[in-house]
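Inside the fold
Here's the letter readout for the chains.
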Amino acid sequence: MDEYNDNVELAAQIQLETSEWVKNEADKLIKQYNECKTAHAKNRLRPKLEYMRNRLAFEARALGKLVGYDEYGNEIE
């Protein structure tokens, strides 16, 4: 049980660091997006924002497995 608690603590720390990184990077991209003068320039930034969203979802699934949940949020026995 102690190993489970260690995994949960580690997963929470990693999730927080990842979330902070994604937030900081997304804030920079959103600022750039708002400063864009053309639709073409905005379209070039959209894939980067989508990557950030997908990266966070990937991290959440991977960390869920670490603490004992499947990809749908159900507890693994």
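My aim in this report is to walk through the structure given alongside it, one point at a time. Everything numeric here is computed off the predicted structure, so don't read it as measured data.

1. What about the overall build of the protein chain?
A tally of helices and strands in the protein chain yields two helices and zero strands. Taking the intrachain contacts of the protein chain between residues at least 6 apart in sequence as the baseline, contacts between residues at least 24 apart amount to 52%. Of the roughly 6200 Å² of accessible surface on the protein chain, a fraction of 53% belongs to carbon and sulfur atoms.

2. Notes on the side chain of T18
When you line up the elements, T18 lands in helix α1 (residues 2–35). The class for T18 is buried, based on a relative accessible area of 13%. When neighbours within four sequence positions are excluded, T18 is seen to be in contact with L56 and E59.

3. Focus: the pattern of salt bridges
Using the criterion set out here, one finds three salt bridges in the structure. Between D27 and K23 there is a salt bridge, with the nearest N and O atoms lying 2.8 Å from each other. Residue D27 and its partner K23 are located together in helix α1, separated by four residues, close to a single helical turn. Since its relative accessible area comes to 49%, K23 is described here as partly exposed.

4. Here we look at the nonpolar core
As a rule of thumb, nonpolar side chains are buried together in soluble globular proteins. In terms of nonpolar packing, the biggest core is built from five residues, these being V22, L29, C36, L45 and M52. Elements supplying a minimum of two residues to this core: α1 and α2 (39–67).

5. Re the environment of V67
Secondary-structure assignment places V67 in helix α2. On the basis of relative accessible area, V67 is assigned to the buried category, the value being 15%. A C-alpha to C-alpha distance of 5.9 Å links V67 and N7, two positions 60 residues apart in sequence.

6. Side note on the environment of N43
Mapped onto the elements, N43 comes out in helix α2. Each C-alpha atom, one on N43 and one on Y33, is 8.8 Å from the other, the two residues being 10 residues apart in sequence.

Reading guide: rules and limits
Residues numbered from 1 in each chain as written. Predicted model: local features only at pLDDT ≥ 70, side-chain atom pairs only at ≥ 80, totals over all residues. Heavy atoms only, no water. Helix = DSSP H or I, 4+ residues; strand = E, 2+ residues; numbered from the N terminus. Contact = heavy atoms within 4.5 Å. Areas by Shrake-Rupley, 256 points an atom, 1.4 Å probe, with all protein chains shown as cover. Buried < 20%, exposed > 50% of the residue type's maximum accessible area, 1.4 Å probe, protein only. Salt bridge = Lys/Arg side-chain N within 4 Å of Asp/Glu carboxyl O. Core = buried A, V, L, I, M, F, W, Y, C linked by side-chain atoms within 4.5 Å.

So yeah, pure geometry; function would need other evidence.
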